[in-house]
Amino acid sequence: MHAPAVDPFHLLAVGQFATASRRVSETDIVLFAAVTGDMNPVHVDEAAGAASRFGARIAHGMLSAGFVSALLASELPGPGSIYLSQSLRFVRPVRIGDTVTTRVEIVELLASKRRVRVATSSRNHRDELVLDGEAVLLLPLEG
C-alpha cells in the first residue's frame, strides 16, 4: 500500500526561506556568454571592462538572476515549481571572484491559484545587495 502523496503547498509557510552561495568564476562568465550569446564587452573583454564605469569586467546580471532560478527550482518552493514572473533590480555589479549569496523568502501563499510569491535577493561577500526582486511560482499538484 502506498502512502498518499503530500501536497507541497501545505509544506510551505510565509517567512520560510532558503539560501545558497556561489563564487563567480571566469568560466561562469565565459560559459554564460557562450550559451546566451550575450557578448557585451563589459563582460567578456578586459580592456572594455577596465574602461567602463566599473573599472573591470563584471558578470552578466542575468547570471545572478540564474542563481535565483536555481534556488527556487532546487530548494524553495522546489522541484516541479514553475516560474510565472520575476521582477529584478540590479543594484551593484558582480565581479569575477565575488561570492554571491542568494536568498528567497516566501511572502505570500495564494492557495486558490496554487501560487507562491517570494522575495528574491542576492548579496556579495561584502554583504552588499547586488540584486533584489520578487517572483511568482506555480506549484505542482502533488509532491
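Calculation criteria
- Residues numbered from 1 in each chain as written.
- Predicted model: local features only at pLDDT ≥ 70, side-chain atom pairs only at ≥ 80, totals over all residues.
- Heavy atoms only, no water.
- Pairing = 2+ DSSP bridges.
- Helix = DSSP H or I, 4+ residues; strand = E, 2+ residues; numbered from the N terminus.
- Axes fitted to C-alpha atoms, helices over the stretch in contact; angles between N-to-C directions.
- Contact = heavy atoms within 4.5 Å.
- Buried < 20%, exposed > 50% of the residue type's maximum accessible area, 1.4 Å probe, protein only.
- Arc of directions from axis to C-beta.
- Salt bridge = Lys/Arg side-chain N within 4 Å of Asp/Glu carboxyl O.
- Expected span 1.5 Å × (residues − 1).
- Core = buried A, V, L, I, M, F, W, Y, C linked by side-chain atoms within 4.5 Å.

K.L.:
Just to check I follow, could you spell out the sheet that holds strand S5 (residues 129-138) for this structure?
P.N.:
Two pairing modes exist for strands in a sheet, parallel and antiparallel, and in both the strands are linked by backbone hydrogen bonds. Spatially, the five strands line up as an open sheet ordered S1-S3-S4-S5-S2, and their pairing is antiparallel. Across the chains shown, the open sheet's two edge strands, defined by having one partner strand only, are strand S1 (17-23) and strand S2 (82-90). Across this sheet, the average inter-strand angle for adjacent strands is 20°, counted without regard to direction. Of the strand pairs in this sheet, S2 and S5 are connected by eight bridges, and their pairing is antiparallel. In the strand pairing of S5, Ser 87 is matched with Glu 134. Along the sheet face, helix H4 (residues 61-74) touches S1, S2, strand S3 (99-110), strand S4 (115-123) and S5 and points at about 140° away from the line of S2.

K.L.:
In this structure, what is going on with unusual backbone geometry? I would like to understand it.
P.N.:
What you tend to see is this: most non-glycine residues have negative phi, and most peptide bonds are trans. That bond from Leu 76 to Pro 77 is cis: its omega, 5°, falls within 30 degrees of zero. Positionally, Pro 77 belongs in the loop between H4 and S2. Look at Asp 127: it is not a glycine, yet its phi comes out positive at around 65°. On the secondary structure map, Asp 127 appears in the loop between S4 and S5. Take Asp 127: its relative accessible area is 53%, and that puts it in the exposed class.

K.L.:
Teacher, can you tell me more about helix H1 (residues 26-36) here?
P.N.:
Taken residue by residue, H1 has Asp 28, Ile 29, Phe 32 and Ala 33 as its buried positions. Burial along H1 is one-sided: seen end-on, the buried residues are contained in an arc of 125°. The exposed residues of H1 that point more than 90 degrees off its buried face are Leu 31, Ala 34 and Val 35. The elements touched by buried residues of H1 are S1, helix H2 (41-44) and H4. One or two residues past the end of H1 sits Gly 37, with phi positive at roughly 85°.

K.L.:
It is not clear to me how the pattern of salt bridges should be interpreted in this structure. Could you clarify?
P.N.:
Opposite charge on two side chains allows them to pair when their charged atoms are near. Counted according to the given criterion, the structure contains ten salt bridges. Its salt-bridge partner being Glu 134, residue Arg 117 comes within 2.7 Å of it at the nearest N-O pair. Of this pair, Arg 117 sits in strand S4 while Glu 134 sits in strand S5, placing them 17 residues apart in sequence. We classify Glu 134 as partly exposed; its relative accessible area is 32%.

K.L.:
How should H4 be read in this particular structure?
P.N.:
Since there are 3.6 residues in each turn of an α-helix, residues three or four apart along the chain are aligned in direction. Under the 1.5 Å per step criterion, the end-to-end length of H4 is 20 Å for 14 residues, consistent within 8% with the ideal 20 Å. Buried within H4 we find Leu 63, Ser 64, Ala 65, Phe 67, Val 68, Leu 71 and Leu 72. On the buried face of H4, the contacting elements are S1, H1, S2, S3, S4 and S5.

K.L.:
Please clarify how the nonpolar core should be interpreted in this entry.
P.N.:
In globular proteins that are soluble, nonpolar side chains generally tend to be buried together. Val 24, Leu 63, Leu 72, Val 104 and Val 118 are the most contacted members of the largest nonpolar core, which has 25 residues in total. Elements with a minimum of two residues in this core: H1, H4, S3, S4 and S5. If one sorts the elements of this core by residue count, H4 sits on top with six residues. In this structure, Val 104 is in contact with Gln 16, Phe 17, Ala 18, Val 68, Leu 71, Leu 72, Leu 76, Ala 119 and Thr 120, ignoring residues within four places of it in sequence.

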